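A look at the structure
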Amino acid sequence: MPKRGKIGSLRKVVIPAAGMGTRFLPATKAMPKEMLPVVDKPAIQYVVEEATAAGLHEILMVTGRNKRALEDHFDRASELETLLEEKGNFALLKTVRESTELAHMHYVRQAHPRGLGDAVLTAETFVGDESFVVLLGDDLVDERDPILPTMIKVHEQFGGCVLALMKVTPENISHYGAAAILPLDKSFGLENVVRITGLVEKPAPEDAPSNYAVLGRYLLTPEIFDVLRETKPGRGNEVQLTDAIQELTQRSENGGPVHGVIFEGRRYDTGDKLGYLQATVQLAVEREDLGPKFSEWLRDFVKGL
Ligand code: G1P
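Below or above, wherever it landed, is the structure these notes cover. What you are looking at is a predicted structure, and each value in this text was computed from that prediction instead of being measured.

Take the overall build of the protein next. For the protein, the count of helices and strands is eleven helices and 13 strands. Taking 19 Å as the expected radius of gyration for a compact globule of 305 residues, we find that the protein reaches 20 Å, a close match to that expectation. Overall, the C-alpha framework of the protein stretches about 60 × 50 × 40 Å when taken along its three principal axes. Burial status across the protein gives 49% buried among its 305 residues. Residue pairs in contact within the protein that sit at least 24 positions apart in sequence constitute 77% of those at least 6 positions apart. Put simply, the protein shows about 16,100 Å² of open surface, and 52% of that area lies on carbon and sulfur atoms. Both charge centroids of the protein, one from 36 positive and one from 45 negative side chains, sit 2 Å from each other.

What follows is the structure, encoded as structure tokens:
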């Protein structure tokens, strides 16, 4: 089990996981969407692993009805472990224990899901007066292209909030929060880092300030909570995290400024069926144990299409 981090250094992560997962019904009728396996690991475990790989070990999941499997997954499974031990299956035992030993897990329930902003607000007591990270479970960032370490560095240099951004096509921007951006002075020597001067949640392409979309990775200052309390429901009649961060883009201190790190690495959107299938195939192809046989089959299969 990792040591608890120093007070004052970044260590807390909030993972909103209260969503109903309607896009995956009926699979999600009695099971949280976060537990859908990508190859053989639940999608949510990749997200927790991303946090711990960046040295962040205090993790709060915002859950709701029907989400108990999430808590079970990150807890000990004594009977199963004893059984595997007795059978001498230590490789499997290691995999089973991995999710328990990753991080210190905490849970809070969002009674009435009122949007992402509201989910983050339920984390206020856990977060207290520290900067923290929010990771959205629908976006999987490939472990070979980590973005959190760069976001943390930018936060250390400028203070304030830091979001991950990615370039999308104009017709796709309306699925995301869109950022108005300014290049940084060259003297900073920071490639792929921009100042965010405004944010709009899911704009029509003609209203988008740019084609830079907010990826589900946020490093936020605790001032966000005061803003969220005052944030009125926005798009979809939900309290939008994007709207609250927009307020911080207007500040040079007291929670701001807001910077963006442009992500150009590999990511998978497991929030819809197509992205989920792509993630599964891509990660299976790259696995040492499955990849060679699966790729061989896949090549033949594709020829027949
Ligand atoms: C959320 C945010 C949006 C962001 C997106 C990233 O939207 O509201 O600003 O761009 O995640 O995945 P959702 O996908 O939950 O509708």
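Picking up after the structure, the text goes on.
A separate point is the packing of helix H3 (residues 78-86) against helix H4 (residues 90-101). When two helices pack together, their arrangement is given by the angle between their axes and by how far apart the axes lie. At a closest axis distance of 8 Å, the pairing of H3 and H4 adopts a crossing angle of 160°. As far as their axial angle goes, H4 and H3 are roughly antiparallel. The two elements H3 and H4 meet at a crossing, and its hand is left-handed. Each of Leu80, Glu81, Leu84 and Glu85 in H3 lies in contact with H4, whose residues at this interface are Phe90, Leu92, Leu93, Val96 and Arg97. Classifying every residue of the contact of H3 with H4 by side-chain character gives six nonpolar, no polar and three charged.

Lining the immediate environment of the ligand, one finds Leu136, Asp139, Tyr176, Gly177, Glu201, Lys202, Val214, Gly216, Tyr218, Gln240 and Thr242. Measuring from an oxygen atom of the ligand, one finds a side-chain N or O atom of aspartate 139 at 2.9 Å. Each residue belonging to the shell around the ligand can be placed in one class, and the counts come to four nonpolar, four polar and three charged.

Of note, serine 210 is situated in the loop between strand E10 (193-201) and strand E11 (212-220). Within the structure, serine 210 has its side chain in polar contact with the backbone nitrogen of tyrosine 212 (distance 2.9 Å). Once residues lying within four places of it in the same chain are set aside, the contact partners of serine 210 are Ile173, Ala178 and Ala179.

Cut-offs used in this document
Residues numbered from 1 in each chain as written. Predicted model: local features only at pLDDT ≥ 70, side-chain atom pairs only at ≥ 80, totals over all residues. Heavy atoms only, no water. Helix = DSSP H or I, 4+ residues; strand = E, 2+ residues; numbered from the N terminus. Rg over C-alpha atoms; globule rule 2.2 N^0.38 Å. Buried < 20%, exposed > 50% of the residue type's maximum accessible area, 1.4 Å probe, protein only. Contact = heavy atoms within 4.5 Å. Areas by Shrake-Rupley, 256 points an atom, 1.4 Å probe, with all protein chains shown as cover. Lys, Arg positive; Asp, Glu negative; His and termini not counted. Charge placed at Lys NZ, Arg CZ, Asp CG, Glu CD. Axes fitted to C-alpha atoms, helices over the stretch in contact; angles between N-to-C directions. Parallel < 35°, antiparallel > 145°, perpendicular 65-115°, else oblique. Left-handed = near helix turned anticlockwise from the far one by under 90°. Nonpolar A, V, L, I, M, F, W, Y, C, P; charged D, E, K, R; others polar. Near = heavy atom within 4 Å. Polar contact = N/O pair within 3.5 Å; in protein donor to acceptor, adjacent residues only side chain to side chain.

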